[in-house]
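One letter stands for each residue in the lines below.
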Amino acid sequence: MPKVAANLTMMFTEVPFPERFARAAKAGFAGVEFLFPYDHPPQEVAGWLKENRLVNALFNMPPGDWATGERGLAAMPGREAEFRGSVAKALDYARALGTERLHAMAGLLPAGADRARHRAVYVDNLRYAARELAKEGRTLLIEPINPRDMPDYFLNTQDEGHAICEEVGEPNLKVQMDFYHTQIVQGDVTMTLRKYFAGVGHVQIAGVPERHEPDTGELDNAYLMRVLDELGYDGWVGCEYRPRGRTEEGLGWLTAWT
């Protein structure tokens with residue numbers, strides 16, 4: 001069974017963010033991930049991790065103005081300077097938190113946009129960010145996200161994600177494979193995982209289609225955990241799902257799988 005990390009943006013939301021670290025540790029998680037830590041000083045977040053003996057598996061670089069609907073900067077022409085600033089800010093937090101993997105969100109493609117232009121900016125920005133992270137031995141991630149949950153998101157498929165990584169050409173750029181998004185967009189999750197495994201830098205799980213506990217819905221995540229073991233995956237599996245009720249009441253899958 002791979003190492004599993006609780007996503008504190010979606011799980012344990014019954015309590016404020018600072019209290020979720022202790023809840024996750026008590027529930028049996030050794031690692032946590034979250035979308036953004038930037039509402040809190042890095043040393044505070046680092047303290048919550050240390051107090052609860054937790055590893056931070058992943059967080060996202062600043063995505064622009066999230067409150068107004070922005071979902072990333074990496075593929076946004078004209079925002080290159082802001083993107084570089086987001087890399088620097090994320091690295092400040094990564095140093096404090098001991099985080100080895102950072103996710104750069106691509107952003108939403110405007111109506112009528114020149115996709116080729118956005119892709120060229122994306123490739124250049126990812127190359128810059130990957131090289132900055134490589135100086136500190138960190139991995140940069142990109143994630144294909146399904147268009148039902150996030151309409152107009154620039155990157156949707158594992159196929160394109162891995163093609164972009166090849167074009168960028170930096171060895172520390174990997175693709176985040178969320179089985180939930182993969183199932184919705186293209187299905188054939190097991191064979192897609194096998195095909196691209198060498199380029200997968202992080203895995204996430206949730207039930208499909210409601211994005212509840214990973215032991216619900218149409219996707220057999222327990223089977224996929226065995227496939228990850230077979231392939232020799234040694235990274236974290238982020239549990240990025242919305243609990244149906246109180247988080248602890250839906251953790252029977254964790255006991256059963258481990």
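Thresholds applied
Residues numbered from 1 in each chain as written. Predicted model: local features only at pLDDT ≥ 70, side-chain atom pairs only at ≥ 80, totals over all residues. Heavy atoms only, no water. Buried < 20%, exposed > 50% of the residue type's maximum accessible area, 1.4 Å probe, protein only. Helix = DSSP H or I, 4+ residues; strand = E, 2+ residues; numbered from the N terminus. Pairing = 2+ DSSP bridges. Axes fitted to C-alpha atoms, helices over the stretch in contact; angles between N-to-C directions. Contact = heavy atoms within 4.5 Å. Expected span 1.5 Å × (residues − 1). Arc of directions from axis to C-beta. Phe/Tyr/Trp six-rings, centres within 6.5 Å; stacked < 30°, edge-to-face > 60°. Lys NZ or Arg CZ within 6 Å of the ring centre and 35° of its normal.

(A) Structural context of the pairing of strand E7 (residues 200-205). Among the 6 residues in E7, 6 count as buried, and that is most of the element. Looking at chain direction, strand E6 (residues 173-178) and E7 are connected through 4 bridges and run parallel. Bridge assignment links Gln176 to a residue of E7, and that residue is His202. Here E7 runs beside strand E8 (residues 236-239); their pairing, made up of 3 bridges, is parallel. Paired with Ile205 across the strands is Cys239, a residue of E8.

(B) How the structure looks around the sheet that holds E7. Spatially, the 8 strands close up into a barrel ordered E1-E2-E3-E4-E5-E6-E7-E8, and their pairing is parallel. Looking at each pair of strands side by side, their axes are set apart by 30° on average, direction ignored. Most of the contacts of helix H4 (residues 115-134) go to strand E5 (residues 139-142), to which it runs at about 150°, and overall it touches strand E4 (101-103), E5 and E6.

(C) Seen up close, helix H3 (residues 80-97). A rise of 1.5 Å per residue sets the reference length of H3, with its 18 residues, at 26 Å; its end C-alpha atoms lie 26 Å apart and thus fit the reference within 8%. Within the sequence span of H3, burial applies to Phe83, Ser86, Val87, Ala90, Leu91, Tyr93, Ala94 and Leu97. Axial view of H3: buried residues confined to an arc of 165°, hence all on one face. Buried residues along H3 sit against helix H2 (42-51), strand E3 (55-60), E4 and H4.

(D) Structural detail: the packing of aromatic side chains. Taken as a whole and assessed by the stated rule, the structure comprises 16 aromatic pairs. Relative to Phe154, the ring of Tyr122 lies with its centre 5.3 Å away and its plane at 75°, an arrangement referred to as edge-to-face. Placement of Tyr122 in helix H4 and of Phe154 in the loop between E5 and helix H5 (158-168) is noted, with a sequence separation of 32 residues between them. Residue Tyr122 shares its accessibility class with Phe154, and that shared class is buried. Consider the rings of Tyr241 and Trp253, whose centres lie 6.2 Å apart with planes at 80°: the pair is edge-to-face. Residue Tyr241 is found in the loop between E8 and helix H9 (252-257), and its partner Trp253 is found in helix H9; the two are separated by 12 residues along the sequence. Neither Tyr241 nor Trp253 differs from the other in exposure class; each is buried. Above the face of the Trp66 ring, Arg71 is positioned so that its terminal group lies 3.6 Å from the ring centre.

Nothing here speaks to function; it is geometry throughout.
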